[in-house]
Amino acid sequence: MTFRVLASIVAVTLTASALVAQTPSPELRAAEVIGADGVRAHMEFLASDELEGRGTGSRGYRIAANYVASRFMAVGLEPMSTLGSFFQDVPLRKSTVIPESTSFTWASGVVVTTLLHGEHYLGAAGFWDEESAITAPAVFAGYGVTAPEFGYDDYADIDASGKVVVVIGGAPLAFGTNPAAHYSAGSTKAEVAASHGAVGLIAIWTPAYERRLPWPVLQRFLRTGSLRWLEEDGSPAGSPRALRAGAIVNMAGAEILFNGAPRPLRGVLEAARAGRPGSFDLSGRVALRVMSRHEAISSPNVVAMLEGSDATLRDEYVVYTAHLDHEGIGEPMDGDSIYNGAFDNASGVAALLEAAKAFAALAKRPKRSVIFVATAAEEHGLLGADYFAEYPPVPREHVVANLNIDGNMMLFPTDDILALGDQHSTLGVAAKRGAARVGRTVSADPMPEQTLFIRSDQYPFVKRGVPALFFINGFGSTDPGVDGLAAVQRWLGTIYHSPKDDMSQPMHFESGAVFSRAVFLIGYEVANDPQRPRWNPGDFFGETFGRNRQALP
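My aim in this report is to walk through the structure given alongside it, one point at a time. What you see is a predicted model; the values in this text were computed from it and never measured.

## Brief notes about the overall build of the protein
1) Next: If you tally the helices and strands in the protein, you get 17 helices and 20 strands.
2) Next: For 553 residues, the compact-globule estimate of 2.2 N^0.38 gives 24 Å, and the C-alpha radius of gyration of the protein, at 25 Å, lies within 12% of that figure.
3) Next: Principal-axis analysis of the C-alpha atoms gives the protein an extent of 110 × 55 × 50 Å.
4) Next: Looking at the protein as a whole, 56% of its 553 residues qualify as buried.
5) Next: Look at the contacts in the protein between residues 6 or more apart in sequence, and 83% of them connect residues 24 or more apart.
6) Next: If you average the places of the 46 positive and of the 60 negative side-chain charges in the protein, the two averages end up 3 Å apart.

Laid out in structure tokens, this is it:
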């Protein structure tokens, strides 16, 4: 062989290698269908005034649901055969407190003090009966936490049986951010109180919670009514029957309950900051009567599927979620009463739809099947996701991962994403790989005090043992003149859950598109991995919930 021929062969080989290196993989080619214009178009429609804030059970929400179903159909996704359509109706009971028919008195010795609704307390809507009433002695149970895995029990030194339990928000930070968030959840505190024999529950709205959600804003939220999804027998899920009545008290109301207590309220809150608020009997009896108005409504999850290509793995499912609802029409602010929910969460649904389009554009489908769910009633307690996780249209034990999108924040050009929960399971590895393919890093939670991991639709899946990630566009800015974290915190303090969350805000749609590509590629990694996602060894959520899952056959 001559040197010239050898050189030619080498040159051709190197050229071919270079072409292979420059040719994008099938999944990267599919990701290219995701664009800034697509993200913007979805958001412009979903966050328009015509949809009136997509309130649960409203006409505007139904229009939004039809839009999502039509987009699923347009890209070639199929409805779930077990549902018969793209819609999974979620039966709901709405309960709205009637303040003028609600009362709360505190009797300590011969002194009876009347607490005023709105000024001292807010009655908790009843879901079993329209009238919820209780008279019983009260006991303070610290955080209201029983956590044997951490050697911690607020109920160890008290008897809560037949009593009204008074608790403060939060949990010991020594547990770690996300375990503490789990024990901070109101639903968890209610379950624990009921398990200890309590008949009522009163939560103290501490200064820390006041900073996160001011009392007047909390009042506004509760005035719109609360929801629970209904079991087949009509019972409200997530409402322990044993807890016959409940309320939230602000600091003024809590001071009344702590008058004459073994320890002053301020001292208790100071001890709570050190992780040990203490528990003890209070000196009086609660007489609480809450009148509520019940209404039956329904609101659908929108569900579509892309069947996997592998003969075995197609029977395992990666579930994407993004909540479709927002607050609807509410109390006016600066003359505007439509709570459009552009970033929360038209942006997340836009990312969901763009990811679905990319999956449908693949030359070869992923090995596992992928389900896309635009969920209902997230703003009322993650209800649509909770209903789906309890009644999935496929065998529950075959759901291997949840990838939830809530907040494609694109206030500025971003250089990272958040994949909250990445430290808990092998999904964290997939998140880093997928994000890196579009030039993004995965950052740690910059606001652990917000307890975000329990506040969106991944949490119902986690509670059923399914490894999950919660995606938010990152807070790192490529613009050196923008402090991303400060910008997001300003947004939370001035725009979040207000009519100002509309399409008039600054929006960097290209960042929204790159985020959507990252979310698609992460799911692609999970859907093709020969191994199903696993909780990390010794992980709190894996130990607490993962063992309850039935193994795949």
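## Overview of the pairing of strand β9 (residues 200-204)
1) Next: Counting buried residues along β9, 4 of its 5 residues qualify, which places the element largely inside the surrounding structure.
2) Next: Relative to β9, strand β8 (residues 164-168) runs parallel, the two being bridged by 5 bridges. Each residue of the ladder has a partner; that of V167, found in β9, is A203.

## Structural notes on the packing of aromatic side chains
1) Next: Tallying each qualifying case throughout the model produces 27 aromatic pairs.
2) Next: Considering the side-chain rings of F520 and Y524, the 6.2 Å spacing of their centres and the 50° angle between planes classify their relative orientation as tilted. Here Y524 and F520 lie together in helix α16 (residues 509-528), a separation of 4 residues that amounts to about one turn.
3) Next: Cluster of aromatic residues (ring-pair linked, three or more members): F150, Y152, F175, Y183, F453, F540, F541 and F545.

## Some remarks on the packing of helix α3 (residues 36-46) against helix α11 (residues 342-361)
1) Next: Running from N to C, α3 and α11 point in directions that differ by 135°, and their axes come no closer than 9 Å. Between α3 and α11, the crossing angle belongs to the class labelled oblique. In this structure, α3 meets α11 at a crossing whose hand is right-handed. For the pair formed by α3 and α11, the contact residues are G38, V39, H42, M43 and L46 on the first element and A342, F343, A346, S347, V349, A350, L353 and E354 on the second.

## Description of α16
1) Next: For α16, which comprises 20 residues, the first-to-last C-alpha distance of 29 Å matches the rise-based estimate of 28 Å (1.5 Å per residue) to within 8%.
2) Next: Summarising burial for α16: 19 of the 20 residues are buried, a large majority.

## Some thoughts on the packing of helix α13 (residues 427-436) against α16
1) Next: At a closest axis distance of 8 Å, the pairing of α13 and α16 adopts a crossing angle of 130°. Considered as vectors, α13 and α16 are oriented oblique to each other. Seen from above, α13 lies across α16 with right-handed handedness. The segment α13 lies against α16, with L427, A430, A431, R433, G434 and A435 engaging A518, L521, I522, E525 and V526.
2) Next: Here the residues of the contact of α13 with α16 are counted per class, giving 8 nonpolar, 1 polar and 2 charged.

## Here's the deal with the side chain of T188
1) Next: As for its placement among the helices and strands, T188 is situated in helix α6 (residues 186-195).
2) Next: Apart from residues lying up to four places away in sequence, T188 is in contact with H182, Y183 and Y459.

## A look at the pattern of salt bridges
Opposite charge on two side chains permits them to pair, given that their charged atoms come into close proximity.
1) Next: In total, this model carries 19 salt bridges according to the counting rule given.
2) Next: Its salt-bridge partner being E525, residue R433 comes within 2.8 Å of it at the nearest N-O pair. Linking R433 in helix α13 with E525 in helix α16, this pair joins segments that are 92 residues apart in sequence.
3) Next: Residue classification places E525 among the buried positions, given a relative accessible area of 16%.
4) Next: Between R517 and E510 there is a salt bridge; the shortest N-O distance is 3.3 Å.
5) Next: Residue R517 is classed as buried on the basis of its relative accessible area, which comes to 17%.
6) Next: Among the charged side chains, a salt-bridge network with shared partners connects D386, E390, R396 and R464.

## Quick word on unusual backbone geometry
1) Next: Of the consecutive residues D344 and N345, the connecting peptide bond is found in the cis state with omega at 10°.
2) Next: Along the chain, N345 turns up in helix α11.
3) Next: A positive phi is found at R54, a non-glycine position, where the angle reads about 55°.
4) Next: Here R54 shows up in the loop between α3 and α4 (59-74).
5) Next: Residue classification places R54 among the buried positions, given a relative accessible area of 0%.
6) Next: Not every positive phi belongs to a glycine, and L382 is a case in point at roughly 60°.
7) Next: Relative to the helices and strands, L382 resides in the loop between β16 (369-375) and α12 (383-390).

## So, the environment of L115
1) Next: Along the chain, the position of L115 falls in strand β3 (residues 111-115).
2) Next: C-alpha separation for the pair L115 and L213, spaced 98 residues apart in sequence, amounts to 21 Å.
3) Next: The residues touching L115, leaving out its near neighbours within four places in the chain, are F104, W106, H120, Y121, V249, G253 and I256.

## Observations concerning α12
1) Next: Most of α12 is tucked away: 7 of the 8 residues are buried.
2) Next: Every buried residue of α12 is accounted for by L383, G384, A385, D386, Y387, F388 and A389.
3) Next: Where α12 is buried, its residues contact β1 (87-97), β10 (226-229), β12 (280-306), β13 (317-323), β16 and α14 (458-462).

## Points about the environment of F545
1) Next: Here F545 is to be found in the segment after α17 (540-544).
2) Next: For F545, a relative accessible area of 10% corresponds to the buried category.
3) Next: Sequence separation between F545 and R464 is 81 residues, and the spatial gap between their C-alpha atoms is 6.0 Å.
4) Next: If we skip the residues at most four places from it in the chain, F545 touches H182, V462, K463 and G465.

Cut-offs applied
Per-chain numbering applies: the sequence of each chain, read as written, is numbered from 1 onward. Side-chain atom pairs in this predicted model are given and counted only at pLDDT of 80 or more, local residue features only at pLDDT of at least 70, and totals for whole chains, interfaces and linings cover all residues. Where side-chain values are given, they derive from all heavy atoms of the structure, hydrogens and water being excluded. Labels follow the DSSP assignment, with helices taken as runs of H or I lasting at least four residues and strands as runs of E lasting at least two, numbered in each case from the N terminus. Note on method: radius of gyration uses C-alpha positions; expected globular size equals 2.2 Å times residues raised to 0.38. Throughout, exposure labels follow a simple rule: accessible area from a 1.4 Å probe, protein chains only, divided by the maximum for the residue type, with under 20% read as buried, over 50% as exposed, and the rest as partly exposed. The contact criterion used throughout is that any non-hydrogen atoms of two residues lie within 4.5 Å. Charge counting follows a simple rule: Lys and Arg are positive, Asp and Glu are negative, and His as well as the terminal groups are ignored. Charge coordinates come from a single atom per side chain, which is NZ of Lys, CZ of Arg, CG of Asp or CD of Glu. A pair of strands is treated as paired once DSSP finds two or more bridges between them. Planes of paired rings set the category: under 30 degrees apart is stacked, over 60 is edge-to-face and the rest tilted, where pairs are Phe, Tyr or Trp rings (Trp by its six-membered ring) whose centres lie within 6.5 Å. To define axes, lines are fitted to C-alpha atoms, for helices over the stretch in contact only, and angles between the resulting N-to-C directions are given on a 0 to 180 degree scale. Orientation is classified from the angle alone, with under 35 degrees giving roughly parallel, over 145 giving roughly antiparallel, 65 to 115 giving roughly perpendicular, and any other angle giving oblique. Crossings are classed by handedness, with left-handed meaning an anticlockwise turn of the near helix from the far one by less than a right angle and right-handed meaning a clockwise turn. Take the residue count of a helix, subtract one, and multiply by 1.5 Å to get its expected span. Gly falls in the polar group here, along with every residue not listed as nonpolar (Ala, Val, Leu, Ile, Met, Phe, Trp, Tyr, Cys, Pro) or charged (Asp, Glu, Lys, Arg). The rule for a salt bridge is simple: a side-chain nitrogen of Lys or Arg has to be within 4 Å of a carboxyl oxygen of Asp or Glu.

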